[in-house]
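Close look at the chain arrangement
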Amino acid sequence: MKIDSELINEIRNKVDIVEIISSYLPLTTRGKNYFGVCPFHDDHSPSMSVSKEKQIYTCFSCGATGNVFNFIQDYEHITFVEAVKKCADMCGIDLKIKTSSDDKIIKKYKTIYDIYEISQKFYQNNINSSLGKKAKEYLYSRSLTDLEIKHFDIGLSLNENDMLVKLLKQKKFTDKDLLKSGLANANENDIYDVYRNRIMFPLHDLVGHVIGYNGRAYDDETTNRYVNSKETDLFKKRDFLYNYHRAKESARSKKQIIIMEGPMDVIRAYTIGIENVVATLGTSFSASQSNLIRRLSDNVILCFDGDAAGLKATKLAITELGKVGILPKIVLIPDNADPDEYIKNNGSEAFQNLLNKAIDIMEFKTILLKKETNLNSPEGVANYVKAMISEINKIDDDILKEVTINRLVDETKVSKDVIMSKLDNKKKELVITPKKKQTKKNKYEKSVQCLIYYMLYNEEVIKMYDRKITHIKDDNYRHLAFQISAFYKKHGYIKVADLLSEVDDVNTTKTIGSIVALELKDDYTKEEIDDYLNNIKEFNDLEKIDKYKSELAQANDINEKIQLANKLIAYKLRSEEND
Ligand SMILES: [Zn+2]
């Protein structure tokens, strides 16, 4: 569902962020701002400031920033639209009446939601009928009880061609609807059920609507062990995690989320009281899934199958999670087993032990590398150390780096000095820039920040920025400036709290937080803004000059040299004018 942005802003205007956040956590006043303990990091002193005037919050410690909707969204782990709805309810705005253009979208999806709801009841009925006896016995034989069957809404598709299709047609759904839902297939003359004679594990969206199935064979005759629903408008594998809607609460209270591969793993974990678990359905981990995980916790345990495919999936997930700043821990299940089998055969305590001994990503990489090398030969050790050094160079986290180096020293008896001397020190070199350029760089960065600060509060400054079309080198700042300008063009005004409703990437939100926290004086002069714009331009020129200089040094062709020299002179003249 999409809500019109004008309506979103209207709702935001009707509520007070201080009042809403106060209903979640205690706030105290200091000056014109309110302060509270930040719920988005492990906060011990009140680091979160809430501004009544600006209607936004910012955390000085972790950088969390947003408007009232962002707060509810992140606090309750719900979607942005759900947060808006929640606020609308609080101030008595009926979204349904006012979103007539969006009704079509809801209606479009409503058909599929309805089809799935009916199918789920149908499948559940089947498994509880006499026809479901064999399927239930199969589940019992796998040590599941009626409790899990009910909790996870497990059902059964019967060994018939078109039972579900017939039922849905009776309820006046069209062939087109049925095909669109992904629950029916068609050939030249017939439309028939996709799922036959399978145990049906419903797949839910983030808030708990059924949007697909994992259909599992339970007799030996069926060849495909399990079949997942094909993708539809509502079910996209890259945006999906099994059990997300149930795991939300538990992940939040335990401050940890465990990721497994299949529904059976999740259900088995539930039988031993572990509820903060989601599953990927064995597909490769996506960027979008990383973002879903981050909304629950950054304390992540990967617990994939113990076979080669599981190791491969683990490697991919480490990479994807790394991109959103999460360093997961890893559980390696022994003997190629999956978590389901392991728990069933070894019990709760043994599995809890595995969880407690989850290893860090470097230990995981060490294990993989060791499998490939012979550590009994000096040559093998040398290759192993080299490979590990290249892995250490990829780590950003200083503590993990140090721990891994010490481990490597212990293990190989290669001295720490030797290892340290082989490490990449590129980052240190980068810091050493000529002093003049460094001061200009500082001036440039400050100008960018001040410019954007005033753009956030003044239409006049946005217009000045638009007229000059100034290029900002830093991605986050450039993107933010662009978004401010786009917001102004769309709505004809600028307000940080409303802008935050339209920003959907974390980096931009954090950048807004850091800019707002500058708390510059309210008034500005046009000359000041012109200064900022000129400083930005000047620094860009300086960068260009450096670029031409190095190109000039490398150029061989005389014509090319002359051309570059001319460009260089032109830029130099311009930048000196501004000095
Ligand atoms: Zn915080």
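Going by the structure above, here's the rest.
Residues numbered from 1 in each chain as written. Predicted model: local features only at pLDDT ≥ 70, side-chain atom pairs only at ≥ 80, totals over all residues. Heavy atoms only, no water.

A word on the overall build of the protein
Tallying secondary structure elements over the protein gives 27 helices and 15 strands in all. For the protein, the spread of C-alpha atoms along the three principal axes comes to 90 × 75 × 60 Å. For the protein, with 579 residues in total, the buried portion stands at 46%. The long-range share in the protein, meaning contacts at least 24 apart out of those at least 6 apart in sequence, stands at 63%. Counting every atom, the protein has about 30300 Å² of accessible surface; 50% of that belongs to carbon and sulfur. The positive charge centre, built from 88 side chains, and the negative charge centre, built from 89, are 2 Å apart in the protein. (Helix = DSSP H or I, 4+ residues; strand = E, 2+ residues; numbered from the N terminus. Buried < 20%, exposed > 50% of the residue type's maximum accessible area, 1.4 Å probe, protein only. Contact = heavy atoms within 4.5 Å. Areas by Shrake-Rupley, 256 points an atom, 1.4 Å probe, with all protein chains shown as cover. Lys, Arg positive; Asp, Glu negative; His and termini not counted. Charge placed at Lys NZ, Arg CZ, Asp CG, Glu CD.)

Quick look at the nonpolar core
What tends to happen in soluble globular proteins is that the nonpolar side chains get buried as a cluster. Counting 59 residues, the largest nonpolar core has Ile 154, Tyr 242 and Phe 351 as its most contacted members. Taken domain by domain, this core gets at least three of its residues from each of domain 2 (100-231) and domain 3 (239-356). Not counting chain neighbours up to four residues away, the residues in contact with Phe 351 comprise Met 260, Ile 272, Ile 274, Cys 303, Ile 333, Pro 339, Tyr 342 and Ile 343. (Core = buried A, V, L, I, M, F, W, Y, C linked by side-chain atoms within 4.5 Å. Domains from an automatic or database assignment.)

Some thoughts on the coordination of the zinc ion
Ligation of the zinc ion by protein atoms is provided by Cys 38 (SG), His 41 (ND1), Cys 59 (SG) and Cys 62 (SG), these donors lying 2.1 to 2.3 Å from the ion. If you look at the zinc ion, its 4 donor atoms make angles of 102 to 120 degrees with each other, and the shape they trace is tetrahedral. Of note, the donors binding the zinc ion are all from one chain and are spaced C-x2-H-x17-C-x2-C. On the basis of relative accessible area, Cys 59 is assigned to the buried category, the value being 5%. (Donors = N, O, S within 2.8 Å, 3.2 Å for Na, K, Ca; no water. Tetrahedral: all angles 85-135°; square planar, octahedral: opposite > 155°, others 65-115°.)

Comments concerning helix α3 (residues 68-76)
When α3 is considered as a whole, its buried residues turn out to be Val 68, Phe 69, Asn 70, Phe 71, Ile 72 and Gln 73. Where α3 begins, one side-chain oxygen reaches toward the backbone nitrogen of Phe 69, 3.1 Å away; that side chain belongs to Asn 67. Just downstream of α3 lies His 77, where phi reads positive at about 55 degrees. (Polar contact = N/O pair within 3.5 Å; in protein donor to acceptor, adjacent residues only side chain to side chain.)

Description of the side chain of Asn 243
Here Asn 243 is to be found in the loop between β11 (226-228) and α11 (244-254). Residue class for Asn 243 comes out buried when judged on its relative accessible area of 5%. Of the polar contacts made by the side chain of Asn 243, one reaches the backbone oxygen of Val 277; its length is 2.9 Å. In this view, Asn 243 contacts Phe 152, Val 266, Glu 275, Val 277 and Val 278; residues no more than four positions away in its chain are not counted.

So, the pairing of strand β9 (residues 198-204)
Of all the 7 residues making up β9, 7 are buried; the element is thus mostly covered by neighbouring parts of the structure. Two strands pair when backbone bridges link them, and strand β6 (residues 155-157) and β9 are joined in this way by 3 bridges, in the antiparallel orientation. Counted as the bridge partner of Leu 156 is Ile 199 from β9. Where β9 lies against strand β10 (residues 210-216), 6 bridges are found, and the strand directions are antiparallel. Counterpart to Leu 203 in the pairing with β10 is Gly 212. Counting the residues that bridge the hairpin from β9 to β10 gives 5 residues, and of these Gly 208 lies at a positive phi of roughly 115 degrees. (Pairing = 2+ DSSP bridges.)

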